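Below are the chains, spelled out letter by letter.
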Amino acid sequence: MSEKKGLFGFFKGWAAVSEEEKAQREHAISQKTDSPVATKRPQSEITTDIELFCVSKLEELIEKTGFSGKVRTIKKEGSRLYLDIFDTGEDVSRIIGKSGATLESLQVLLRHFVIRKFQEYIYVVIDADDYRRRRVTTIKSNAIEAAKSLIEPGDSIKLGDMSSSERSVIHMLFEEDDTIMTESAGRGRSRRVILIKK
């Protein structure tokens, strides 16, 4: 049985940047303006070519890691493509990663591959073993329990690691609440939701 290297073990040989990529990077830097206004890239509709490419590329990534699993499309909505990794056997927890980190990384990679191949900007959501639904249920339950521990106005508690979409779930959960307000603090991976007693 071959040793499983994990998701990023096979990227070792990809560290070198090609001349083409260097040229592309230099061109992108030369095109930057000093304007403080960020321009939003238009999101593209998911074509059949993009869908099939994403399914194939994700299966290729899974195979290169030494994991087992197949990929299917769950649905397409405008610029969003929802994919499911199934038949993973005992590899499912490693494919999901801690707090869904591997799934998030796969989403970023696929989006990058689509931009490079099609020059199209899409949003990819990858799930495995119904993880995302179970995760949302868990973080809602944890947030409600945490909120119960806040007694005095001004009391606050910082919640655990969450992706940006999960943080949005918590903000929406307490949006209409008369006793709890939410805010986000920190940057990048350190960004957290804080519950505050009103």
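Residues numbered from 1 in each chain as written. Predicted model: local features only at pLDDT ≥ 70, side-chain atom pairs only at ≥ 80, totals over all residues. Heavy atoms only, no water.

### Describing the packing of helix 2 (residues 48–65) against helix 4 (residues 101–118)
Contact pair helix 2 / helix 4: the axes reach a minimum separation of 10 Å and the direction vectors enclose 130°. As judged from the angle between their axes, helix 2 and helix 4 are oblique. Crossing handedness for the pair helix 2 and helix 4: right-handed. Seen from helix 2, the contacting residues are D49, I50, F53, C54, K57, L58 and L61; seen from helix 4, they are L106, L109, L110, F113, V114, K117 and F118. Class assignment of the residues belonging to the contact of helix 2 with helix 4 gives a composition of 11 nonpolar, no polar and three charged. (Axes fitted to C-alpha atoms, helices over the stretch in contact; angles between N-to-C directions. Helix = DSSP H or I, 4+ residues; strand = E, 2+ residues; numbered from the N terminus. Parallel < 35°, antiparallel > 145°, perpendicular 65-115°, else oblique. Left-handed = near helix turned anticlockwise from the far one by under 90°. Contact = heavy atoms within 4.5 Å. Nonpolar A, V, L, I, M, F, W, Y, C, P; charged D, E, K, R; others polar.)

### Quick notes on the confidence of the model for the protein
Here the protein shows a mean pLDDT of 83. Residues at 70 or above account for 79%. The low-confidence segment residues 10–24 (pLDDT under 50) makes 11 contacts with residues lying over four places distant or belonging to another chain. Taken together, the stretch residues 27–40 has pLDDT below 50 and engages in zero contacts with residues farther than four places along the chain or on a different chain. (pLDDT = per-residue confidence, 0-100.)

### Regarding the pattern of salt bridges
Across all of its chains, the model carries 12 salt bridges by this definition. The salt bridge partner of K64 is E60, with a shortest N-O separation of 3.0 Å. Within this pair, K64 and its partner E60 are both found in helix 2, separated by four residues, close to a single helical turn. Between D84 and R72 there is a salt bridge, with its nearest N and O atoms 2.9 Å apart. Residue D84 is found in strand 2 (residues 80–86), and its partner R72 is found in strand 1 (residues 70–77); the two are separated by 12 residues along the sequence. Linked by salt bridges that have partners in common, K57, E60 and K64 make up one network. (Salt bridge = Lys/Arg side-chain N within 4 Å of Asp/Glu carboxyl O.)

### Brief notes about unusual backbone geometry
Look at D87: it is not a glycine, yet its phi comes out positive at around 55°. In this structure, D87 sits in the loop between strand 2 and helix 3 (92–96). Positioned with a positive phi, Q119 is a non-glycine residue whose angle comes to about 55°. Within the element layout of this structure, Q119 appears in the loop between helix 4 and strand 3 (123–128). Using a relative accessible area of 55% as the deciding quantity, one classes Q119 as exposed. (Buried < 20%, exposed > 50% of the residue type's maximum accessible area, 1.4 Å probe, protein only.)

### Observations concerning the sheet that holds strand 3
Taken in spatial order, the three strands line up as 1-2-3 in an open sheet, and their pairing is mixed. The two strands at the open ends of the sheet, each matched to only one other strand, are strand 1 and strand 3. When the angles between neighbouring strand axes are averaged without regard to direction, this sheet yields 25°. Across six bridges, strand 2 lies against strand 3 in parallel orientation. Paired with Y82 across the two strands is V125, which belongs to strand 3. Its contacts with the sheet put helix 2 on strand 1, strand 2 and strand 3, and the angle it makes with strand 1 is roughly 150°. (Pairing = 2+ DSSP bridges.)

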